[in-house]
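# Analysis of the macromolecular model
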Amino acid sequence: MISTSAVDSYVEKNSSRFVDDLMELCTFPSISNHGLDAVKPARDWVAGRLARFTDRVETMEAGGMPALYAEVRGAGKRKLLLYEHYDVQPVDPLDLWESKPFEPVQKDGKLYARGVADDKADVMARIHALETLKSLGELPVTLRFFVEGEEEIGSKSFEKIAHAHAEKLRADGCLWESGGFDSAGRPTMFFGARGLLYVQLRVRLLDYDQHSGFASLYPSAAAYLIAALASLRDQDMNIRIEGFYDDMVKATDADRRMLAKIDPEVEERYEKLRKWRKERAEARKVEVQVIAPNAVLMAVARGAPRTLEELGRVEGMDPFRLQQYGDEILTALHSATQQQLL
Ligand SMILES: [Zn+2]
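Read on for a plain summary of the structure. (Residues numbered from 1 in each chain as written. Predicted model: local features only at pLDDT ≥ 70, side-chain atom pairs only at ≥ 80, totals over all residues.)

## Here we look at helix α6 (residues 221–230)
- Residues Tyr224, Leu225 and Ala228 constitute the buried set of α6. Taken around the axis of α6, the buried residues stretch over an arc of 100 degrees, which confines them to a single face. Relative to its buried face, α6 has exposed residues pointing more than 90 degrees away, namely Ala222 and Ala230. (Buried ≥ 20, exposed ≤ 12 C-beta atoms within 10 Å, placed from the backbone. Helix = DSSP H or I, 4+ residues; strand = E, 2+ residues; numbered from the N terminus. Arc of directions from axis to C-beta.)

## Looking at the pairing of strand β2 (residues 67–72)
- Relative to β2, strand β1 (residues 56–60) runs antiparallel, the two sharing five bridges. Opposite Arg56, over in β2, you have Glu71 as the bridge partner.
- What sits between β1 and β2 in their antiparallel hairpin is a turn of six residues, with Gly63 showing a positive phi close to 100 degrees.
- With five bridges connecting them, β2 and strand β6 (residues 142–148) associate as antiparallel partners. The partner of Val72 across the bridge, within β6, is Leu143. (Pairing = 2+ DSSP bridges.)

## Re the sheet that holds β2
- Strand order in the open sheet formed by five strands is β1-β2-β6-β3-β7, with mixed pairing between adjacent strands. Both edges of this open sheet fall to β1 and β7 (173–175), since each of them pairs with a single strand only. Within the sheet, the average angular offset between the axes of one strand and its neighbour, ignoring direction, is 20 degrees.
- Its contacts with the sheet place helix α2 (residues 36–53) against β1, β2 and β6, and it is angled at close to 5 degrees to β2.
- Against the sheet, helix α3 (residues 116–136) touches β2, β3 (79–85) and β6, its axis set at about 145 degrees to β3. (Axes fitted to C-alpha atoms, helices over the stretch in contact; angles between N-to-C directions. Contact = placed C-beta atoms within 7 Å.)

So, in structure tokens, the structure goes:
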């Protein structure tokens, strides 16, 4: 058994090299939105790092950005799958950056670069954890790394890859990307992660351009589009699509007791967060930019719970219901635009 103090001192001794590694990974502009060539250098680099500490590394692909898979055998029977991604979000608008997105800088003990928190720090932390454990003794469990390359564009081929390599990805548990600490410095857990849904909606009303002087006579596609989007929520931000909340499992007394045990101020904290968000929005410090219609719709489809009461438990929720939500959203949008036209 490897002692935690041995781990601590190994990490302490190697921490600046660990940070340097992370900074190096952050120099790769692996924006999946920019295509295959954009993500390859980062993938090759991560594959090289994985190869140092695992038994084998392979590439898995199904038409999109290839993912990396690596395995390292441990002493015990159990297997743990580690999910990460090496791709990042685009960097626009560039003028809002205080430093260059792919030239990592350290400020006040924090590292700034595109993708450092989501998800390159996790990629490196886990490789470094593996290095640490292997240097100090034997791994207690078998580790399976899955590092995908298109998380930021909706993991388009993930399902195909998962089906094709189901045996390799099988594990007793899966450690997802990300994680953090609350204001009291305790590690946090997330409930109600739902996945995402992109919808692209086009409204076309006229065959050719019209002079603005005719604005009162001709219908405006932009106005219809706005009305359709607005129809999805009421003033309190409830989603108006019928049945949208039907599958939401409310927190039971046992859930609440368990939450209160972990964090006695959980309700208060949640309430504070809601208030803070509201104040920020009211003070107009939050600037909402409609970059593309799908960005707005994505936020709608996420349907985040607004109170602790609504924290849906994952069990009993059907992930494929998301597909249905998509169809319902499209139907609602369609009827909203239709109504405007009548
Ligand atoms: Zn991520």
